[in-house]
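As a plain string of letters, each chain reads:
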Amino acid sequence: MLEEAVSAADCVALQLAHDADRYAELGKKLRSTNFHSAVTVARGSSDHASAYLAYLIMSRMGRLVTSLPMSLITLYKSPLVTRDTLAVAISQSGQSPDVVEPIRYFRGGGATTVALVNDDTSPLAEAAEWTMPLHAGKEKSVAATKSFITSLAAGARLVAEWQNDPELKEGIAALPEVLAQAAQADWSAALEVLTPAENLMVVGRGISFPIALESALKFKETSALQAEAFSGAEIKHGPMALIDEGYPLLIYATRGPAQAGLVQLATEMRGRGARVLLAAPSDIAERDLTLPVASTPDLDPIAAIQSFYVMAAHLSKARGLDPDRPRHLSKVTKTS
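Along each chain, numbering runs from 1 in the same order as the chain's sequence is written. With pLDDT at 70 or above as the cut-off, local features in this predicted model cover only qualifying residues; side-chain atom pairs require 80 or more to be listed or tallied, and sums for whole chains, interfaces and linings still use all residues. Just so you know, side-chain values use all the structure's heavy atoms and leave hydrogens and water out.

- As annotated in an unreviewed UniProt entry, the protein carries the name SIS domain-containing protein and comes from Massilia terrae.

## Considering the side chain of Ser151
Link 1 in the chain: Only DSSP runs of H or I with at least four residues qualify as helices, and only runs of E with at least two residues qualify as strands; both kinds are numbered from the N terminus onward. Turning to its location among the elements, Ser151 is positioned in helix α8 (residues 146-163).
Link 2 in the chain: Whether two residues touch is decided by their heavy atoms; if any such pair falls within 4.5 Å, the residues are in contact. Contact partners of Ser151, with chain neighbours within four places excluded, come to Ala49, Ile90, Leu116 and Leu134.

## Overview of the pattern of salt bridges
Link 1 in the chain: By definition here, a salt bridge exists when the distance from a side-chain nitrogen of Lys or Arg to a carboxyl oxygen of Asp or Glu is within 4 Å. A full pass over the atoms with the stated rule returns 11 salt bridges.
Link 2 in the chain: Put simply, Glu101 and Lys77 hold a salt bridge, and the shortest N to O gap is 3.4 Å. Of this pair, Glu101 sits in helix α6 (residues 97-108) while Lys77 sits in the loop between α5 (71-74) and β3 (85-91), and the two are 24 residues apart along the sequence.
Link 3 in the chain: A salt bridge links Asp300 to Arg255, with the shortest nitrogen-to-oxygen separation between them at 2.6 Å. Taken as a pair, Asp300 in helix α14 (residues 300-318) and Arg255 in the loop between β8 (248-252) and α13 (259-271) lie far apart in primary sequence, 45 residues in all.

## Some details on the sheet that holds strand β10 (residues 289-290)
Link 1 in the chain: If DSSP finds at least two bridges between two strands, the strands pair. Pairing is parallel in the open sheet, where 5 strands are placed in the order β7-β6-β8-β9-β10. Edge strands, defined here as strands with exactly one partner in the open sheet, are β7 (226-231) and β10.
Link 2 in the chain: As defined by bridge partners, β8 adjoins strand β9 (residues 275-280) across 5 bridges and the pair is classed as parallel. The residue of β9 that forms the bridge with Leu249 is Val276.
Link 3 in the chain: Note on definitions: angles span 0 to 180 degrees between N-to-C directions of axes, and those axes are lines fitted to C-alpha atoms, for helices only across the stretch in contact. Sheet strands in contact with α13 are β6 (199-204), β8 and β9, and its direction is about 165° off that of β9.

## With respect to unusual backbone geometry
Link 1 in the chain: In the Ramachandran plot, Asp84 falls in the positive-phi region, its phi being about 65° despite a non-glycine side chain.
Link 2 in the chain: Here Asp84 is to be found in the loop between α5 and β3.
Link 3 in the chain: Backbone geometry at His135 places phi at a positive 60°, although glycine is not the residue there.
Link 4 in the chain: Following the sequence through the fold, His135 ends up in the loop between β5 (130-133) and α8.

## Focus: the packing of helix α3 (residues 20-31) against α8
Link 1 in the chain: As a packed pair, α3 and α8 sit with axes 7 Å apart at the nearest point and diverge in direction by 55°. It follows from the interaxial angle that α3 and α8 lie oblique. Along this stretch, α3 crosses α8, giving a crossing that reads as right-handed. Contact residues: α3 offers Ala20, Tyr23, Ala24, Leu26, Gly27, Leu30 and Arg31, while α8 offers Ala154, Arg157, Leu158, Glu161 and Trp162.
Link 2 in the chain: Each residue is assigned to one class: nonpolar for Ala, Val, Leu, Ile, Met, Phe, Trp, Tyr, Cys and Pro, charged for Asp, Glu, Lys and Arg, and polar for all the others, Gly among them. In the contact of α3 with α8, the residues fall into 8 nonpolar, 1 polar and 3 charged. Working definition: roughly parallel below 35 degrees, roughly antiparallel above 145 degrees, roughly perpendicular at 65 to 115 degrees, and oblique for all remaining angles. A clockwise turn of the near helix away from the far one marks a right-handed crossing, whereas an anticlockwise turn of less than a right angle marks a left-handed crossing.

## Section: helix α10 (residues 175-182)
Link 1 in the chain: Within the span of α10, buried status applies to Leu175, Pro176, Val178, Leu179 and Ala182. Around the axis of α10, the buried residues are gathered within 160° of arc, so they sit on the same side. Facing away from the buried surface of α10 by more than 90 degrees, the exposed residues are Glu177 and Gln181.
Link 2 in the chain: On the buried face of α10, the contacting elements are α2 (8-16), α8, α9 (166-173) and α14. Relative accessible area decides the class of each residue, using a 1.4 Å probe on protein chains only: under 20% of the type maximum gives buried, over 50% gives exposed, and in between gives partly exposed. What the arc describes is the spread of directions from the helix axis to the C-beta atoms.

## Structural notes on helix α4 (residues 44-61)
Link 1 in the chain: To estimate how far a helix should reach, multiply one less than its number of residues by 1.5 Å. Here α4 spans 25 Å end to end across 18 residues, near enough to the 26 Å set by a 1.5 Å rise per residue.
Link 2 in the chain: Of the residues making up α4, those classed as buried are Ser45, Ser46, His48, Ala49, Ser50, Tyr52, Leu53, Ala54, Leu56, Ile57 and Met61.
Link 3 in the chain: Residues of α4 that are buried sit in contact with β1 (37-41), β2 (64-67), β3, α8, α12 (209-223) and α14.
Link 4 in the chain: In the segment just after α4, Gly62 is the residue with positive phi, at about 75°.

## Quick word on the sheet that holds β1
Link 1 in the chain: One open sheet accounts for 5 strands, arranged β2-β1-β3-β4-β5; its pairing is parallel. Edge positions in the sheet fall to β2 and β5, since each of these pairs with one other strand and no more. Strand-to-strand, the axes of this sheet are offset by a mean angle of 20°, without reference to chain direction.
Link 2 in the chain: Pairing geometry for β1 and β3, over 5 bridges, is parallel.

This is the structure we're talking about:
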């Protein structure tokens, strides 16, 4: 897991060295098509990458995006109207029937279908009209790391070409260097808090919420640690009842409109006795963990999860576990 996590910078560099014309062609197609909405099709970590893509599409392109409940197609056989829709599937293996079948359904119904997939010979790659390889290489670790980061990068590339935004394109081009630096971030302070922990909450909001979801999943997968992700706007609606003296919280305060509220939440939770790990950029004095930053705030989550993955691998070992052999899990999961 650790080896693959720190290789993400090289994987993103490899991805950026390929398919530039294909992405430009896709961007032109998206700009010329009148989409009323979009759907994402994914499971697990790939669904968290889809949430990041959805945020970029909604905030930058103004299209509503839905995470598709795949059972509507695979089990309920619902008659969904697919024309004038963009359907994007994200997958490492491209093997699971409940990801492949919806893309076939949407393509058959006239939607524009895109697969961001690591295995470009997979059934998913064959099902989609536009297949954009992640170029993460073979991923042996059960816990996805480099494939998740390359999925985020591919989603950002898709939106940058759709919007034809030079600033976002330049920021994406600089990601390999940013990721290499992020992999060196010192998050050892988190080990003291989390090694003895039994549960925790991971908090984000807006662009940082998808990485809160991903972090919570990795805590469960690799450290057998009951972790749940919440939006900073939702934590006071019920989850607050769980927080007592010493309760651990990891709060991602990436740059942007949500940052100030998350920093304030960290202060409030400390006042309630919680063990807060505030992950924030170096200009936030209250931080416990320093977040690396990209050239634009919309890319900051990609750097943040890189730093998290390195810490998570060390945490698993500190808790007496093997991050490469999570209990009851296998690399490829096929559901229908």
